Amino acid sequence: MSALHLPGRLDQRVLLGAGWRATLVVVAAVAVALELSPWARLPLSSAAVLGVATFFHRRSGRRGVLGVVLVVAGGGLVALALLGLLLDVLPTGIDPLGWGLAIGTTELLVLAFVALFLPAAEGSRALRRRFPVAGIAWGGVAVLVLAGAVVYSTVSFDATHVSPLAIAAVPHGDSVTVTVSAGRDQGPYELDLVTTDGRTVIAKSVRASGAASYTTSIPMPATRAVLQLVAAGSTTPVRQLILDDTAATK
């Protein structure tokens, strides 16, 4: 085991290599945080992980390709587990923005650590000439699989996670007070009242957040009706509430 070297004046090539890789990491983190298409996030995340792995390999060439693959894959899995536990206890919870910031920050810290504390291995140029092509290929595949797992977990979370959003109704005589609340900024939505006579738009551009809810008052329907909160231009409700005053009038 080699001792860590205190950082001195960094070589321009080291700064350049770390710089473009850091830029790639930031771009990939922004893509995840903004919830871009998986077809954009997967190649960017894969390229970022591969960039960090190749930089680590160049600065510690004595480990060999297999050693780098084991360190990156094993360390990556451990880091993902710890980041998931950390995000779960934070008020923001586990969401794409948190994943993007957490993983991006971790990769940037790894780049900085490798650039500052791991000196380039002696004879690394000769070692690079002897790198087996198959080993490099399998190492790249392993890194891509790891990055794919990160993106797949994010996509699965997007598909199954339901953001905090609720619709409530409180009767007051012949009227009903309708409230739309949310845990974070959401909208715009359209609030519709669906009866046997058809669909009536009650309000448009309905927005709600953790700091402010949307409230309106409507007449109590004479028959059973359904309040639906739908996205603009859609008829599929994201939330709905049944209004039935028949029991109260019996």
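Everything that follows concerns the structure shown earlier in this document.
Now for a description of the structure that goes with this document. Keep in mind that this is a model prediction, so the values were computed, not measured. (Residues numbered from 1 in each chain as written. Predicted model: local features only at pLDDT ≥ 70, side-chain atom pairs only at ≥ 80, totals over all residues. Heavy atoms only, no water.)

## Comments concerning the sheet that holds strand β2 (residues 175–182)
Part 1 of the reasoning: The strand order across the open sheet built from 3 strands is β1-β2-β5, with neighbouring strands paired in antiparallel fashion. Edge strands, defined here as strands with exactly one partner in the open sheet, are β1 (165–172) and β5 (214–219). The sheet shows a mean angle of 20° between the axes of neighbouring strands, direction not considered.
Part 2 of the reasoning: Pairing of β1 with β2 involves 8 bridges; the strand directions are antiparallel. Across the sheet, residue L165 finds its bridge partner in β2, namely A182. (Pairing = 2+ DSSP bridges. Helix = DSSP H or I, 4+ residues; strand = E, 2+ residues; numbered from the N terminus. Axes fitted to C-alpha atoms, helices over the stretch in contact; angles between N-to-C directions.)

## Structural notes on the nonpolar core
Part 1 of the reasoning: With 18 residues, the main nonpolar core has V178, V180, L191, V206, L227 and L229 as its most contacted residues.
Part 2 of the reasoning: In terms of residues, this core owes the most to one element, β2, which gives 4 residues.
Part 3 of the reasoning: Discounting chain neighbours no more than four positions away, the residues touching V178 are I167, A168, A169, L191, Y214, T215, T216, I218 and L227.
Part 4 of the reasoning: Residues V14, A18, A28 and L111 belong to the second largest nonpolar core, which totals 11 residues. (Core = buried A, V, L, I, M, F, W, Y, C linked by side-chain atoms within 4.5 Å. Buried < 20%, exposed > 50% of the residue type's maximum accessible area, 1.4 Å probe, protein only. Contact = heavy atoms within 4.5 Å.)

## Remarks on the pattern of salt bridges
Side chains that differ in charge, positive against negative, can pair when their charged atoms come close.
Part 1 of the reasoning: Under the defined criterion, the tally for this structure stands at 1 salt bridge.
Part 2 of the reasoning: A salt bridge links R199 to D192; its shortest N-O distance comes to 3.0 Å. (Salt bridge = Lys/Arg side-chain N within 4 Å of Asp/Glu carboxyl O.)

## Overview of the pairing of strand β6 (residues 225–231)
Two faces, one strand: in a regular strand the side chains alternate between the faces of the sheet.
Part 1 of the reasoning: With 6 of 7 residues buried, β6 lies mostly within the body of the structure.
Part 2 of the reasoning: Sheet analysis places strand β3 (residues 186–195) next to β6, joined by 6 bridges and oriented antiparallel. Within the sheet, the bridge partner assigned to Y189 lies in β6 and is A231.
Part 3 of the reasoning: The pairing of β6 with strand β7 (residues 237–243) spans 6 bridges and is antiparallel. Looking at the pairing, Q228 lines up with Q240 of β7.
Part 4 of the reasoning: Linking two consecutive strands that pair antiparallel, namely β6 and β7, is a turn of 5 residues; a positive phi of about 80° is found at G233 within it.

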